[in-house]
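Spelled out from the first residue to the last, the chains are:
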Number of protein chains: 2
Amino acid sequence: MGYETGDGTVGKALGVLDHVASFGRPVRFSEVLTQSDLPKPTLYRFIQSLTNQNMLSYDPDRQTYAPGLRLLRLAHSAWEQSSLAPVARPFLDALSNEVGEAVHLAQIDNGQVLFIDKRKAQAGFDTLAQAGQVAPAYCTGVGKVILAYMDDARRTRALQQQAFLAYTAATHTSVATLEREFDAIRAEGVAFDREEHEAGIISIAAPILTHGDRVIGALSIATTTQRHCINGLGGFRATLSETAVKIGAEARSWQSPTTV
Amino acid sequence: MGYETGDGTVGKALGVLDHVASFGRPVRFSEVLTQSDLPKPTLYRFIQSLTNQNMLSYDPDRQTYAPGLRLLRLAHSAWEQSSLAPVARPFLDALSNEVGEAVHLAQIDNGQVLFIDKRKAQAGFDTLAQAGQVAPAYCTGVGKVILAYMDDARRTRALQQQAFLAYTAATHTSVATLEREFDAIRAEGVAFDREEHEAGIISIAAPILTHGDRVIGALSIATTTQRHCINGLGGFRATLSETAVKIGAEARSWQSPTTV
DNA sequence: AAACAAAGTTTCAAATAATGAAACTAGTTT
DNA sequence: AAACTAGTTTCATTATTTGAAACTTTGTTT
C-alpha cells in the first residue's frame, strides 16, 4: 500500500520520505536501505536531496534521519487552507464544552483515518489523537462512518487498503462483516466504535456532508467505558449530528463563489 | 530565497509545493503559472504528480489546488520525532502555568523562525493552527536570540535571508544595527522583542543549547504592552533561562546513546 | 597497530525520465 | 460562429536519473 503509482522521480522521492517517517524514530541510512527495494546510491541520493530540502533532518551526532521541519510549515499551510478544519474549529470548541468529552475531527487520507483536529475531555485521559495522527478506518467510528457514506467506487478502493488486523475481540476482521454494518450506519446516521480499536475506548461518529451527500470528513465524540456505555454515547447523537450538519453547511458556503 | 539549490527534479517539485502553499489560499493552475518560471507543461505535470501523491489537494468545483492532507501526517511524524518538541512539551506547560503568559517554542527553518509549539495566555490548544507558523527571524525575540547564538557561518547565511522589512518603527532595517544587538543578547543571555514585529507585542526569549554551546531553538514569553512593559518582562528572565537550560539538558540526554 | 568489516560516498556509461514548443481540446466570451 | 482563455496532450530532443562497481571513511576485531 502507499502512493507509489508511478509519479516518476517525485513519487519515488516522496515514497522515501514516507518510508523514513514510517519508522517513527530517527533512522540510519542503512536501516532504510535494508527495507527498501531501491539500490543503495539511488536511495542515498533521494535522502540527500530530501535533507537538503529540509524535508528530512539529519542528526550528525547519531547519523540519523527524521522528517524535517519544512513539513511543519507546509502542514500548517495545509491545515489553514483546508476547506474543513478552520471552518469546523469553533464548532469543535462548542461541542467539546457542551458534552465534556473528547471530540475528534477526521478525514480520509490514502485509506486511513487522519485526525485533523481534536479537543481533549476536560477530565483528561489522553486519546493521543493529535492533529496529523492516523488510525485505521475499518475499526474507528470516524473511519466507518466515512466509509459508509462514500460513493461505491471510492469505498471499494478504500476497503482494499484496510488491514483488518484484530486489535481487540470486537474488531471487524473481514470486509463482509464490515459491509453489513454500513447499512445500519446509514440508517442510524451515526457509527459507533465498540472498543474495536482499543479496549476501553468507545465513540460515536457522524459524517460531515457537503452538497447534501458527498462525505468530506467525520466528527466524533470519544470516551472510555468507565465513563459511558454505548447506549449512553447514543444520547449524544442529536447534538453530534446537528453539529456535523452545521459544519457541512458552513464548509459548503465557504467554498461557494460568494465568499471570494 | 528558498530551497532551489539544484536538487534535481525533487527540488523543483518541492519548489512548486512551496509556491502553491505560499499563496495562503487555494489557487488555480494558471495563477501559479503566471508567477512561475517553469514552462506550462512542466508545471502542469509537477502539480499533477503532487496532487496524485496527496501533497496537494484539488478542489474540482473551484478548480483550485491547496497543500494536501499527506503533509499533516508527515508533519505529525516530524513533530513527534523532533529532538526538541516532545522533550520541551512538559516544560512549556509548566512555564505557561507559572507565568500566565503566552509561551513559544521556535526553531530556525530556512532563515525563518518556525514555531514548534505554543501555549496561549489563557488556556489553549496546540493544533497545527499554531505549530508550523512562521515569522521573520530579524524582528522576533526567538529569532534574534537564535541568530545571536549561531556559529558565524550559519549566522552569515541566515542573515542573507532576512528581508529587513520595517514592520514597525522599532524594526531593525539593516544587518548593521541587528549585529550590534547580538553582543548585548549574548551578554544578557536573552533577547527582547521591543514591538519590532507587531505594535503592542513584546517578548523575552532565551536560547536552547545542547552540548553546552550549539543553539537548537529558543523559548520565549510573549505578552502585550498593556499587560507588561519591557522591564516587567525582564523579571521573567531567571525562570525563562532556567527552563531553557533544562530543556537543553533533557534534549541532549535524549539524544545520548544511553536512552536507545 | 594491523587487519578486517561495515557503513557511507563517488564514479561513469547506459537507461530512463523530464522537458517544452507546438498542437489540441474544452469552456467562455465577444 | 468566431475569438479567446484555461487546461491538457504529443513527441522528438535533452537532461537527469540510474545502479554496478569501486572507493573512502569509520568502527571493530584480531
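From a predicted model like this one, the values you see are computed outputs, not experimental measurements.

Peer 1: Quick one: what's the story with the side chain of Asp-59 of chain B, residue by residue and with numbers?
Peer 2: Within the secondary structure, Asp-59 of chain B is located in strand β1 (residues 56-59). For the buried Asp-59 of chain B, which has no salt bridge, the nearest side chain bearing the opposite charge is Arg-62 of chain B, at an N-O separation of 5.2 Å.

Peer 1: Any chance you could break down the pattern of salt bridges for me, citing the residues and the numbers?
Peer 2: Applying the stated criterion to the full structure yields 28 salt bridges over all chains. Between Lys-144 of chain A and Glu-181 of chain A there is a salt bridge whose closest N-O contact spans 3.0 Å. Of this pair, Lys-144 of chain A sits in helix α6 (residues 141-149) while Glu-181 of chain A sits in helix α8 (residues 175-188); the two residues are 37 residues apart in sequence, bridging distant segments of the chain. There is no split in this pair, since Lys-144 of chain A and Glu-181 of chain A are both buried. Linking Asp-151 of chain B and Arg-154 of chain B is a salt bridge whose minimum nitrogen-to-oxygen distance equals 3.6 Å.

Peer 1: Kindly report on the domain arrangement of chain A, identifying the contributing residues and their values.
Peer 2: Domain boundaries in chain A define domain 1 (8-70) and domain 2 (82-259). Each of domain 1 of chain A and domain 2 of chain A has a C-alpha centre, and these two points are 32 Å apart.

Peer 1: I'd like to hear about the sheet that holds strand β6 (residues 191-194) of chain A, residue by residue, with values.
Peer 2: All names here are of chain A. As summarised here, the arrangement of the six strands in space is β5-β4-β3-β8-β7-β6, forming an open sheet in which the pairing is antiparallel. With one partner strand each, in any of the chains shown, β5 (134-136) and β6 form the two edges of the open sheet. Strand-to-strand twist of the sheet, defined as the mean angle between neighbouring strand axes without regard to direction, takes the value 35 degrees. Direction of pairing for strand β7 (residues 201-210) relative to strand β8 (residues 214-224): antiparallel, over a ladder of ten bridges. By the bridge assignment, Ala-205 is partnered in β8 with Ser-220. Sheet strands touched by helix α5 (residues 85-99): β3 (102-109), β4 (112-119) and β8. Its angle to β4, the strand with the most contacts, is close to 65 degrees.

What counts, and at which threshold
- Residues numbered from 1 in each chain as written.
- Chains lettered and ligands numbered in written order.
- Predicted model: local features only at pLDDT ≥ 70, side-chain atom pairs only at ≥ 80, totals over all residues.
- Heavy atoms only, no water.
- Helix = DSSP H or I, 4+ residues; strand = E, 2+ residues; numbered from the N terminus.
- Buried < 20%, exposed > 50% of the residue type's maximum accessible area, 1.4 Å probe, protein only.
- Lys, Arg positive; Asp, Glu negative; His and termini not counted.
- Salt bridge = Lys/Arg side-chain N within 4 Å of Asp/Glu carboxyl O.
- Domains from an automatic or database assignment.
- Pairing = 2+ DSSP bridges.
- Axes fitted to C-alpha atoms, helices over the stretch in contact; angles between N-to-C directions.
- Contact = heavy atoms within 4.5 Å.

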